[in-house]
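Residue-level structure breakdown
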Amino acid sequence: MKTALTELTGVEHPIVQTGMGWVAGPRLVSASANAGALGILASATMTTEQLRRAVREVKSRTDAPFGVNLRADAGDARTRVRIVIDEGVKVASFALAPSKDIIAELKDAGVVVIPSVGARRHAEKVAAWGADAVMVQGGEGGGHTGDVATTVLLPQVVDAVDIPVIAAGGFYDGRGLVAALAYGAAGIGMGTRFLLTSDSTVPDAVKARYLAASVKDVTVTSAVDGLPHRMLRTTLVDSLESAGRTKALVAAVRRAAGFRKISGLSWTAMVRDGLAMKHGKDLSWSQVLLAANTPMLLKASMVEGRTDLGVMASGQVAGLIDDLPSCAELVARVMAEANETLERFQAPMTSLRALPTPG
């Protein structure tokens, strides 16, 4: 199945495994790439040296194209861009819009630039700056998300830009791929579906929590870091939502003290990072501390299996997923379902074309 996405990136199938912090490491990315999808390495939770080692590990596991997800607002963003270029990575994706200069630097080096966007105006901006494609995430997607559904946001963006559009938020099977293509997308991005594979390094007990979740167990809350964040509902989330500001601050300080030991951050650095997120937003001091610790809250669950201390970012599709295939099995299944769906459409259309023309 050739699309503008497969032509642009050189992958076999129009499927993207998105860059999830603490989840999209070398093992998952290389497994996705070997399955014919575009695997995206999550770098925001890595130091620059860890990023370089991770890129080289992926390259040792696969000859297929893959990408690296970067934070455009990181203080060392330029260093990370240089690593992507020097190591010959095919694709650079961004959670926030990169600057025009960063896009130009990557494109001059032959790197495909794919920012993620949550609004039509953001897509128009990065397209005007030279981005090669955009990934559009609707409100169904996991992690920080908006409130516009993919089925509303996607056609807006497709009609607004003339570069390939990748649809994300709510996709997990071949029917969704066909639907996205019908809207004009060049492929789909899946996060939660790839998290729930046998190639994912997420602890088995955490995967079990996802598999047991219903659609109603996936919620959007701003209580964690002041921004809308789609995740599984847990006791921690409930306690943050029900706590008053004073109680929430005490709890945040206690958790921050524990996560500070894990992360090695000083109190000053933690508050500085939190204030950077607070800028322009109405965040309480407890949310400032939690904002600085959000990566560690994710690590507690995704790496250490501590669902009592951490959060579990999740798309709504978690409520529809009930198995843990390998990446190869998943991609093959999605493509088979997509082709079967297209064949079902083609049969009645062929019959209609065979009908005699009236008059």
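Our subject is the structure that appears above.
To keep things clear, this report deals only with the structure shown in the data block.

Scoring rules and cut-offs
Residues numbered from 1 in each chain as written. Predicted model: local features only at pLDDT ≥ 70, side-chain atom pairs only at ≥ 80, totals over all residues. Heavy atoms only, no water. Core = buried A, V, L, I, M, F, W, Y, C linked by side-chain atoms within 4.5 Å. Buried < 20%, exposed > 50% of the residue type's maximum accessible area, 1.4 Å probe, protein only. Helix = DSSP H or I, 4+ residues; strand = E, 2+ residues; numbered from the N terminus. Contact = heavy atoms within 4.5 Å. Pairing = 2+ DSSP bridges. Axes fitted to C-alpha atoms, helices over the stretch in contact; angles between N-to-C directions. Salt bridge = Lys/Arg side-chain N within 4 Å of Asp/Glu carboxyl O. 1 Å grid on protein atoms, 1.4 Å probe; cavity = no way out; pocket = protein on both sides within 12 Å on 5 of 7 lines; lining within 4 Å. Points joined across faces, edges and corners; volume = space filled by probe spheres on them. Nonpolar A, V, L, I, M, F, W, Y, C, P; charged D, E, K, R; others polar.

Details of the nonpolar core
I15, V134, F194 and Y210 are the most contacted members of the largest nonpolar core, which has 48 residues in total. For this core, the element with the most residues is helix α15 (residues 327-354), which contributes 6 residues. Setting aside its immediate chain neighbours within four residues, Y210 contacts T192, L195, L196, L232, M302, M312, A313, S314 and A318. The next biggest cluster of nonpolar side chains, apart from the first, holds 25 residues, and it includes A54, A72, I83 and V89.

Looking at the sheet that holds strand β9 (residues 187-190)
In space, the 8 strands of this closed barrel follow the order β1-β2-β3-β4-β5-β6-β8-β9, with parallel pairing throughout. Here the average twist between neighbouring strands, direction ignored, is 25°. One ladder, built from 2 bridges, connects strand β1 (residues 15-17) with strand β2 (residues 38-42); its direction is parallel. Bridge pairing in β2 places V16 opposite L38. The sheet contacts of helix α8 (residues 174-183) involve β8 (165-168) and β9, and relative to β9 the element is tilted by about 130°.

So, the pattern of salt bridges
For the structure shown, the criterion picks out 15 salt bridges. A salt bridge links D132 to K107, with the nearest nitrogen and oxygen atoms 3.4 Å apart. Taken as a pair, D132 in the loop between α6 (120-128) and β6 (134-137) and K107 in helix α5 (residues 100-108) lie far apart in primary sequence, 25 residues in all. D132 sits in the buried class, given a relative accessible area of 19%. A relative accessible area of 36% places K107 in the partly exposed class. The shortest N-O distance in the salt bridge between E241 and R233 comes to 3.0 Å.

Focus on the layout of surface pockets
What the second largest pocket holds in volume is close to 250 Å³. W22, G25, P26, T45 and M46 are the residues nearest the centre of the second largest pocket, which is lined by 13 residues in total. For the lining of the second largest pocket, the secondary structure elements donating two or more residues are α2 (26-34) and α3 (48-61). Residues of the lining of the second largest pocket, tallied by class, amount to 7 nonpolar, 4 polar and 2 charged.

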